[in-house]
Amino acid sequence: VWTPAIASIDLLSCVHTEEYLKNLLNGKINDQEQRRTGFHWSEDIVTRCRYETGGTVLAAEVALQRGLACSTAGGTHHAFPSYGSGFCLLNDLAVAAKYIRSNSSSKRKVLIVDLDVHQGDGTAFIFKEESCVFTFSVHCGKNFPLRKQQSDLDISMEDGLEDKEYLSTVESHFPWLLETFRPDLVLYDAGVDPHWEDELGRLCLTDQGLYQRDMYVMKTAASRGVPVAAVIGGGYSRDIDKLALRHSIMHRAATQVWRECEM
Ligand SMILES: [Zn+2]
């Protein structure tokens, strides 16, 4: 178990604007902006989000060294460079991808696999001009955000989709993405909000379906020697114990992949 450092302003500024970061840190976020994020501003929530981003950066670094790493937070894909949205204040996936790219002479390529039920609109926007970061989003078409951004590959799902169809869709795209894009790192957003009991999801995956999905993504990449850093993404239930258990599916799948691939 590793402990992340808080994300510095310098690190965050590779994605976010100076003005936004200044306002966010000083609590100069007006009511309308707070409504868009879904959070009441507080110093604690900003600190939490900075650690969360540090955790995703650390997971990416550890994944590059060891092949597979998971964070117990992360996946705040709705944050844009100059504003927060949909429970996301800082875009940890984008910061980690930029950090990993800037910290090597070879300019590593990053594939972001976003299987949270909502489209990764902030991430898609941030990397729309960057050919070395590929954004792949599988989401429910009728779900938030109403106005979608364009990822490098978007797969829009119908309401009510179940395990089998969902998994076969992911399986029909992921291998060729790995083969054609040839990433040096996969950043995997394993949101559990496609679960049938999720309060916002609109899809109908089971616990077993989520487990199979997470196994599939991590094992397919790891067995090809592509490092994977996974984050928990979204999940909405008033029952926190149930939700925590659901988020633990990714960690269990990762443990299984670690054993099976003898990492
Ligand atoms: Zn979500």
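From a predicted model like this one, the values you see are computed outputs, not experimental measurements.

Right, let's talk about the environment of Val133 for a bit. On the secondary structure map, Val133 appears in strand β3 (residues 133–140). Taking the C-alpha atoms as reference points, Val133 and Ala97, 36 residues apart in sequence, are found 7.5 Å from one another. Other than its neighbours up to four places away in sequence, Val133 contacts Arg101, Val110, Ile112, Phe127, Asp152 and Phe181.

Let's shift gears to the pairing of strand β6 (residues 228–231). On β6, burial covers both faces: Val228 and Ala230 on one face and Ala229 and Val231 on the other are all buried. Sheet topology places strand β1 (residues 68–70) next to β6; three bridges connect them, and they run parallel. Across the sheet, Leu68 pairs through a bridge with Val228, a residue of β6. Alignment of strand β5 (residues 185–189) against β6, held across four bridges, turns out to be parallel. The residue of β6 that forms the bridge with Leu187 is Ala229. Taking the sense of rotation as the criterion, the β-α-β connection linking β5, helix α8 (residues 207–223) and β6 turns out right-handed.

Now for the coordination of the zinc ion. For the zinc ion, the protein coordination sphere consists of Asp116 (OD), Asp116 (OD), His118 (ND1) and Asp193 (OD), at 1.9 to 2.7 Å. Here the zinc ion binds four donor atoms, and the angle range of 53 to 156° at the metal identifies the geometry as irregular. Site description for the zinc ion: donor spacing in sequence, D-x1-H-x74-D. For the pair formed by Asp116 and His118, the shared burial category is buried.

The rules behind these values
- Residues numbered from 1 in each chain as written.
- Predicted model: local features only at pLDDT ≥ 70, side-chain atom pairs only at ≥ 80, totals over all residues.
- Heavy atoms only, no water.
- Helix = DSSP H or I, 4+ residues; strand = E, 2+ residues; numbered from the N terminus.
- Contact = heavy atoms within 4.5 Å.
- Buried < 20%, exposed > 50% of the residue type's maximum accessible area, 1.4 Å probe, protein only.
- Pairing = 2+ DSSP bridges.
- Right-handed = clockwise from strand over helix to strand, strands pointing away.
- Donors = N, O, S within 2.8 Å, 3.2 Å for Na, K, Ca; no water.
- Tetrahedral: all angles 85-135°; square planar, octahedral: opposite > 155°, others 65-115°.

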